[in-house]
Each structure stands twice: as C-alpha cells, then as structure tokens.
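# Close look at the chain arrangement
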Amino acid sequence: LLLEMTAMAVSRRDFLKVSTVGGVAASVLGFDLSAAHAEVREMKIARTTETRSTCPYCAVGCGIIIHTLGDKSGNVKPAIVHIEGDADHPTNRGALCSKGITLKQDVINDRRLTTVKYRAPGSDHWEDKSWDFAIDRIAHLLKQTRDEKLIVTDAQGHTVNALTAVGVIGGCTDTNEINYLLVKAFRAGLGIVPMEQQARI
Amino acid sequence: LHLTQIALKRKPDWPKRVARAEELAERYSWEREVLRFYSRVLELQGELYEKARAASESATLDQNLRTVLDFSAAAKDLLRMIAVVERHGPAAMAEAAAEMKSSGAAKSEQLLRACAAGETLSPVEYFLALTVLQPYAERISYASAASNTDSGRGLCPVCDGKPLVSVLRPEGDGAKRWLLCSFCLMEWEFRRILCPYCGEQDNDKLPLFKPAVDTSAISVHACTTCRRYLKAIDTTVDGHAVPMVDEVAAGPLDMWGVGEGFQKLQPNLLGF
C-alpha cells in the first residue's frame, strides 16, 4: 500500500524525455532545454568516494569522513580532497578538535615520514631502513629484554611469569578484535603486565 | 505516555524561495526560463501557505498526511495556479492548463485526491495538483508534532513521499544529511553513506559526482547497485542555497546523470 501511495505520478518513461517543439529540445512540460544541454557538454565532473574512519589522535575516537578523489581505475592514484567530522557518529556528532580538523594536512604533507627511520646506538644521524629490518630489530630487543627480565616466581614462590620491563600501548583506532589480539599476544603470550591505552597517557 | 522525537524543523520561508529562484535565474542562463516561471509558481505557493497557516495555527496529525489535507479548500486554488501557468508557462503547458479551466470544483478535488494518492496523471495535471497541495501539506508537516528523526527509511516519515534532494547542513565540523520530501517539503534526518532507495551501505558503490570546481555546492549522489541517484545541496559550501530551488537550477547535472545511465529517484516538479 505504501509503495502504491508513493508511486510516481509522472511515469518513469516521461522523466527527462526530450521531445521536439519547434525544432528545439524540450522538457515534458515544454521548456526549451537546448541551453542546458549545451551546458552539459561543457561540464567537467569529478568522482569522489566518502569513507568512514576514526581520527587517529586521541582516545576519544571521533568519527570522520574521508573524501577521496578518483574513479578507482588502476592508472589513477586516489587523492584525499577533504576530511570532515562524521555527523552520524555517536561519539562526536560531526565535531572535531583543532587537531582532528587538520587531518587532511596530516595525510597530504611533504614532511610526512613515509619510510622507516633508524638511529643506531651512539649514532648522530638517521638512516632509512626497510620494514623487515625494523620488525627483526624489535623482535630481537623484545626477546633479549624478556630473556633477561622475566619474573618467573614472586617472593613467595608463586609462579607469575610477569614481564614488567616492556610496555604495550594501544591506539584509539584499535578495534575490539585488535585489542583481543594485543592482550592474547603480549599479556597471555609474553607475560607483559603494563598494557595501557591512550586515554591514560 | 507517548513521546515523539522531533529534530529541528526549518520554518517555511516562501519569500526566500522566490528570491532565490529570481537570483539563480539571473545567474544561470541555461535555466533562466524555467526559474523565472518557477519563481511565479513559488509566489502563489507562498500565498497558499499563508492561507493555510491563517486557517489553523496548529495542526495535529494522527494518520497519514495525504488523507487529511483540506482538498476542498485546495481545489479552489487550482484555478489560480492554472492562471499562473497560462501567463508564465511555456506555450504547450499553458494550452494544456487552459483546457482544465472548465473543470468543476468536484473534478478539481478529484484531481488533487488522485495526486495525493500517487495515481498516474499527465505531466501538466501532476504539476498543477502538486504545486497546489504542497503548501497545505507543508503547513501540516511543519506545524504538527510529526517526527522527522532518522528512522532509516528512505521515505518521508510524515507522508511516505520520496525524497527530492539530499541536503547537507552544518553539524559540528562536518555536515549532516537530511532528505527533503517531494510532497510535503519536510526535511528528515538520514544517514550519510546509505542509499535511500535500495539501502546500499558499501561506500565504494555510492560515488559522488560533482562539477570539478571547489565552489560547487551541488553534486550527484549515486548508487551503482540500484542505479538511482539524488542530487545533494551542500549548505556548508553555500549557506545561501535554498534546496528545493537550487535543485531545479542544476538541471544539467540531471542530464549528465541520466546520460551516465542513472535514474533520478524522484523527478522534480518541472519534470527534471
């Protein structure tokens, strides 16, 4: 019934039907559309996509909408053209702080770091390194610290397997699933006690 | 206890709509004829709205708006709208409207009821009936306690009308989306990345097309799943925009959209 109530009175076939009145393109009501048709030929149209995301800065986790220019074809690199607060997000209802509102400058910035930087102990300069190098280095130091500092039993002789010499910090954009894996890998797996989230830093 | 939630309702401002149509007619040569005609129609609609407002300071609505309109009062206004079309409309439309002048009050009322019920009418009949009914419908949707909060439906919560245009209004540091009802002109809240026709939520399937100039406040919000589209007026870009008028002024975007194989979710009064 509702569908019937709202059915279009003018049929779909009539929509934008172009007839000819006196030799010019005209709308269903007889308006001359030739100038509008000429305008269409002059128009340059850009395609953008809106993507929901979360502001990466603090622990509030405000919703944002990222506008990306590009038609998804392989030879066109998508470019972020605008980032705004997400009015539908229950946390911030479109509002952003002075940091969040400048997010586009965070992404499109010639001073943004795009490679892994490494400064060796005692060195006075940064070197570009690969991600493989960084991950191997972190794993090596983590194992070394755990081997040296793991507390297997407390003073009363209870088994605790606690590692307090390493800390883990979660980010505001981490999902429930990421947090589950963080706890599973670092607390259950390696025995790390200090696990924190951004809000308390 | 029955509580109805109501989001902000914007006060109908018919003189502003008329002024906007005249302003855009000056600005856009390709729509000049259409917008000049539309401004005359809006003038009369403003008078009808005032008449409806004077007749009832408040309105209650406990059933579908389309069934409670004052059809007999509106039928008397049909002749006035025919006169506007005869005087300012294109020749073919004026001729078709003139033929309806001899219809009696009963037939006029029948036409309005048919329009409200969504029956198929000729383009000119549809135009005349809808332009006369809109002010009466807007008076009730505005003055009653009808809810306009987001229910997730792509149809007007008051009258089940289809949306004519998306309106983006400032909310915090972003924009909130409202849909403007093509029948009763009420705006209701609607989520941003969601197709009002088929419910598609995948953002990759909901592209926005806009003229490649930064100052453009109008774009085509399409859905590649159902191939429907609505235009959107972004009032964070142009705060002077009057959605129902700016929508008409952007006819070339409709032609572009149709050329790309999309179908407009709801054509406007003028058939675009």
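One numbering rule holds for all chains: residues counted from 1, following each sequence as written. The naming scheme follows written order: chains are lettered A onward, ligands numbered 1 onward. In view of the model being predicted, local features appear only for residues whose pLDDT reaches at least 70, and side-chain atom pairs are presented and counted only at 80 or more, with totals across whole chains, interfaces and linings using the full set of residues. Hydrogens and water are ignored here; the side-chain numbers use all heavy atoms of the structure.

## Topic: helix H1 (residues 14-27) of chain B
Residues and elements named next belong to chain B. Where we set the bar: Put simply, DSSP marks the helices as runs of H or I at least four residues long and the strands as runs of E at least two long, and each gets a number from the N terminus on. To estimate how far a helix should reach, multiply one less than its number of residues by 1.5 Å. Buried residues are those whose accessible area, probed at 1.4 Å on protein chains only, stays under 20% of the maximum for their type, while exposed residues exceed 50% and partly exposed ones sit between those limits. By construction, the arc corresponds to the directions joining the helix axis to the C-beta atoms. Residues adjacent in sequence count toward polar contacts only when both atoms are side-chain atoms; beyond that, a polar contact is any pair of N or O atoms within 3.5 Å, and within protein one must be able to donate a hydrogen and the other to accept it.
Taking 1.5 Å per residue, 14 residues should reach 20 Å; H1 reaches 20 Å between its end C-alpha atoms and fits that length. For H1, the full list of buried residues reads Trp14, Arg17, Val18, Arg20, Ala21, Leu24 and Ala25. The buried side chains of H1 occupy one side of the element, clustering within an arc of 160° when seen end-on. In H1, the exposed positions angled more than 90 degrees off the buried face are occupied by Pro15 and Glu26. Of the residues flanking the start of H1, the one acting as N-cap is Asp13, its side-chain oxygen 3.2 Å from the backbone nitrogen of Lys16.

## Quick word on the packing of aromatic side chains
Here is the rule we go by: Centres within 6.5 Å make a pair out of two Phe, Tyr or Trp rings, where for Trp the six-membered ring is used; the pair is then stacked when the planes are under 30 degrees apart, edge-to-face when over 60, and tilted otherwise. Two limits define a charge over a ring: the Lys NZ or Arg CZ must be within 6 Å of the ring centre, and within 35 degrees of the ring normal.
This structure, assessed with the given rule, holds seven aromatic pairs over all chains. The positively charged end of A:Arg119 is found above the aromatic ring belonging to A:Trp126, 5.5 Å away from the centroid.

## Topic: helix H9 (residues 251-259) of chain B
Residue and element names in this part refer to chain B. Of all nine residues in H9, seven are buried, a share of seventy percent or more. The set of residues buried in H9 consists of Gly251, Pro252, Leu253, Asp254, Met255, Trp256 and Gly257. Gly261 sits one or two positions beyond H9 and adopts a positive phi of about 90°.

## Quick look at the environment of A:Val168
Residue and element names in this part refer to chain A. Defined as follows: Only heavy atoms matter for contacts: two residues are in contact if any of them lie within 4.5 Å across the pair.
Within the secondary structure, Val168 is located in strand E10 (residues 168-170). Classification of Val168 by relative accessible area gives buried; the value is 11%. Along the sequence, Val168 and Gly85 sit 83 residues apart, while their C-alpha atoms lie 29 Å from each other. Contact partners of Val168, with chain neighbours within four places excluded, come to Leu182, Phe186, Ile192, Pro194, Met195 and Glu196.

## Topic: the layout of surface pockets
A probe as big as a water molecule, rolled over the atoms, marks out the empty space that is left. Residues and elements named next belong to chain B. Convention followed: In this analysis a 1.4 Å probe is tested at points of a 1 Å grid over the protein atoms alone, and where it fits but cannot get out there is a cavity; an open set with protein on both sides within 12 Å along at least five of seven lines is a pocket; lining residues have an atom within 4 Å of a point. Grid points are joined across faces, edges and corners, and a volume is the space filled by probe spheres set on the points. Residues were grouped as follows: Ala, Val, Leu, Ile, Met, Phe, Trp, Tyr, Cys and Pro as nonpolar; Asp, Glu, Lys and Arg as charged; and all remaining residues, including Gly, as polar.
Looking at the second largest pocket, its volume works out to about 480 Å³. Together, 23 residues line the second largest pocket, and Tyr28, Trp30, Pro211, Ser216 and Ile218 are the ones closest to its centre. Mapped onto the lining of the second largest pocket, the elements with two or more residues apiece are H1, helix H8 (243-249) and H9. Take the lining of the second largest pocket: its biggest share by element is three residues, from H1. The residue makeup of the lining of the second largest pocket, split by class, is 15 nonpolar, two polar and six charged.

## A look at the packing of helix H2 (residues 32-55) of chain B against helix H4 (residues 71-88) of chain B
Residue and element names in this part refer to chain B. Inclusion rule: Simply put, an axis is a line fit to the C-alpha atoms, just over the touching stretch for a helix, and the angle between two N-to-C directions goes from 0 to 180 degrees. Orientation is classified from the angle alone, with under 35 degrees giving roughly parallel, over 145 giving roughly antiparallel, 65 to 115 giving roughly perpendicular, and any other angle giving oblique. Each crossing gets its hand from how the near helix is turned against the far one by less than a right angle, where anticlockwise is left-handed and clockwise is right-handed.
Direction vectors running N to C along H2 and H4 enclose 160°, while the axes themselves pass 10 Å from each other. Taken together, the axis directions place H2 and H4 in an arrangement best described as roughly antiparallel. In this structure, H2 meets H4 at a crossing whose hand is right-handed. For the pair formed by H2 and H4, the contact residues are Phe37, Arg40, Val41, Leu44, Gln45, Glu47, Leu48 and Lys51 on the first element and Ala73, Asp77, Arg80, Met81, Val84, Val85 and His88 on the second.

Read these as spatial facts, not as claims about activity.
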